[in-house]
Amino acid sequence: QVQLVESGGGLVQAGGSLRLSCAASGMIFSFNAMGWYRQAPGKQRELVAKITKGGTTTYADSVKGRFTISGDNAKNTVYLQMNSLKPEDTAVYYCNAVNSFYAYWGQGTQVTVSS
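Conventions and cut-offs
Starting afresh in each chain, residues are numbered from 1 along the sequence in its written order. Confidence filtering applies because this is a predicted model: local features only for residues at pLDDT of at least 70, side-chain atom pairs given and counted only at 80 or more, and all residues used for totals across whole chains, interfaces and linings. Excluding hydrogens and water, the side-chain values take into account all heavy atoms of the structure. Numbering of helices and strands runs from the N terminus, with a helix taken as a DSSP run of H or I at least four residues long and a strand as a DSSP run of E at least two residues long. We compute the radius of gyration over the C-alpha atoms and compare it with the globule rule, which gives 2.2 Å times the number of residues raised to the power 0.38. When accessible area is computed with a 1.4 Å probe and restricted to protein chains, residues below 20% of their type maximum are described as buried, those above 50% as exposed, and intermediate ones as partly exposed. By nonpolar core is meant a set of buried Ala, Val, Leu, Ile, Met, Phe, Trp, Tyr and Cys residues that side-chain atoms within 4.5 Å join together. In what follows, a contact means two residues having at least one pair of non-hydrogen atoms within 4.5 Å. Classification of ring pairs uses Phe, Tyr and Trp, with its six-membered ring standing for Trp, and accepts pairs whose centres are within 6.5 Å; under 30 degrees between planes counts as stacked, over 60 as edge-to-face, and the remaining range as tilted.

Undergrad: What's the story with the overall build of the chain in this structure? I'm lost.
TA: Helix and strand content of the chain: zero helices and eleven strands. Ordered by position from the N terminus, the helices and strands of the chain form the series β-β-β-β-β-β-β-β-β-β-β. A globule of 115 residues ought to have a C-alpha radius of gyration of about 13 Å, and the chain, at 13 Å, matches this closely. With the principal axes as the frame, the chain shows a C-alpha extent of 40 × 25 × 25 Å. Within the chain, the proportion of its 115 residues that are buried is 38%.

Undergrad: Help me understand unusual backbone geometry in this model?
TA: Glycine aside, residues mostly have negative phi angles, and peptide bonds mostly take the trans form. One non-glycine residue with positive phi stands out, namely asparagine 76, at about 50°. As for its position among the elements, asparagine 76 is in the loop between β7 (67-72) and β8 (77-82).

Undergrad: It is not clear to me how the nonpolar core should be interpreted in this structure. Could you clarify?
TA: The nonpolar side chains of a soluble globular protein tend to be buried, and buried together. With 28 residues, the main nonpolar core has Leu4, Trp36, Leu80, Met82 and Tyr93 as its most contacted residues. Those elements giving two or more residues to this core turn out to be β3 (18-25), β4 (33-39), β5 (46-52), β7, β8, β9 (91-98) and β11 (109-114). Aside from chain neighbours lying at most four places away, what touches methionine 82 is Gly16, Ser17, Leu18, Leu20, Arg66, Phe67, Tyr93 and Val111.

Undergrad: Is there a simple way to think about the packing of aromatic side chains in this case?
TA: Two aromatic rings are characterised by how far apart their centres lie and by the angle between their planes. Tallied over the full model, the rule gives three aromatic pairs. Centre to centre, the rings of phenylalanine 31 and tyrosine 104 are 6.0 Å apart; their planes meet at 70°, and the pair counts as edge-to-face. Of this pair, phenylalanine 31 sits in the loop between β3 and β4 while tyrosine 104 sits in strand β10 (residues 103-105), placing them 73 residues apart in sequence. By relative accessible area, tyrosine 104 is classed as buried at 17%. Grouped by ring-pair contacts, the aromatic residues Phe31, Tyr102 and Tyr104 constitute a single cluster.

If you want it as structure tokens, here you go:
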């Protein structure tokens, strides 16, 4: 089965940067899109950014200008470069991938931004 593995989370001070990576492995049939969601304590899970196979990107208003999503189709990998991090960015970040048949989720990686 397909497995998504996130990496790159951690603790960083406000204003700092982190880069998250999500690598897909297993029975890959070519994803139509991959993205990042996050869930903060006491909050609903929300879309942070996504990128289609064709390279079209979408961002939440709260991260525009600070985060950049990119992907490598050959490696079935998506990245999230996070700059100018704020305490409100603190959350568990989940990788998501969608193909023609199913949606897949990673286990999540914790991002904590201290003030």
